[in-house]
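# A look at the structure
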Amino acid sequence: MSGRRGIRFDETRFWVTHRHQEYGPFDYEWSEDFRGIELHYMGTKFGEVCSVHELFADMKEFALPMRVVEVACVVFGCTLLGISAGFNEQERGDLLIDTLREFDCGEFLPE
């Protein structure tokens, strides 16, 4: 992606572009017992969704710009909510668009 801001997807992975710099890939995978979801940045686990009420995430070691962290959190949240709710691809996309706008991240949407 050559733009100033944006989000690029490839299957479960995504990259966030901020100020012409691309960060990623961000990704997730089910934990070995299929009871949780592990969150990854550049192949390194940084968090885990253990239940609806329990989430751990710490990206401090990556020294990412706060705007990248904010956008990645919105994308992860929408993706995981959409999957757990059984949304189809269109519904997950609509949820992401609406939520990025709601959290003042609409500038990362494609024009």
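Just above, that's the structure.
Conventions adopted
- Residues numbered from 1 in each chain as written.
- Predicted model: local features only at pLDDT ≥ 70, side-chain atom pairs only at ≥ 80, totals over all residues.
- Heavy atoms only, no water.
- Helix = DSSP H or I, 4+ residues; strand = E, 2+ residues; numbered from the N terminus.
- Contact = heavy atoms within 4.5 Å.
- Expected span 1.5 Å × (residues − 1).
- Buried < 20%, exposed > 50% of the residue type's maximum accessible area, 1.4 Å probe, protein only.
- Patch = residues over 30% accessible without salt bridge, like charges linked within 9 Å, V, L, I, M, F, W, Y side chains within 5 Å.
- Areas by Shrake-Rupley, 256 points an atom, 1.4 Å probe, with all protein chains shown as cover.
- Salt bridge = Lys/Arg side-chain N within 4 Å of Asp/Glu carboxyl O.
- Lys, Arg positive; Asp, Glu negative; His and termini not counted.
- Charge placed at Lys NZ, Arg CZ, Asp CG, Glu CD.
- Core = buried A, V, L, I, M, F, W, Y, C linked by side-chain atoms within 4.5 Å.
- Phe/Tyr/Trp six-rings, centres within 6.5 Å; stacked < 30°, edge-to-face > 60°.

### Some thoughts on the side chain of H40
Structurally, H40 is set in strand 4 (residues 37–41). Not counting chain neighbours up to four residues away, the residues in contact with H40 comprise P25, F26, D27, Y28, E29, K45, F46 and F76.

### A few points about helix 1 (residues 66–84)
In this model helix 1 runs 27 Å from its N-terminal to its C-terminal C-alpha over 19 residues, within 8% of the 27 Å that 1.5 Å per residue would give. R67, V68, V69, V71, A72, V74, V75, F76, C78, L80 and G82 are the residues of helix 1 that are buried. With its phi angle positive at about 75°, G86 sits one or two positions after the end of helix 1.

### A look at a negative patch on the surface
A grouping of E91, D94, D98 and E102 is seen on the molecular surface, where their side chains present a negatively charged patch. For E91, the position within the fold is in helix 2 (residues 89–102). E91 gets classed as partly exposed once you look at its relative accessible area, which sits at 38%.

### Some remarks on the nonpolar core
Grouped together as the largest cluster of nonpolar side chains are 29 residues, with contacts concentrated most on F14, F26, L64, V71 and L100. Counting only elements with at least two residues in this core, the list comes to strand 2 (13–18), strand 3 (21–30), strand 4, strand 5 (44–51), helix 1 and helix 2. Per element, the largest residue contribution to this core is 9 residues, and it comes from helix 1. In this structure, F14 is in contact with I7, R8, F9, Y23, G24, P25, F26, A72, V75 and F76, ignoring residues within four places of it in sequence.

### A short note on the packing of aromatic side chains
A full pass over the atoms with the stated rule returns 8 aromatic pairs. With centroids separated by 5.1 Å and ring planes inclined at 15°, the aromatic side chains of F14 and F26 adopt a geometry described as stacked. You can see F14 sitting in strand 2 and its partner F26 sitting in strand 3, a full 12 residues away along the chain. Taken individually, F14 and F26 each receive the classification buried, so the pair is uniform in this respect.

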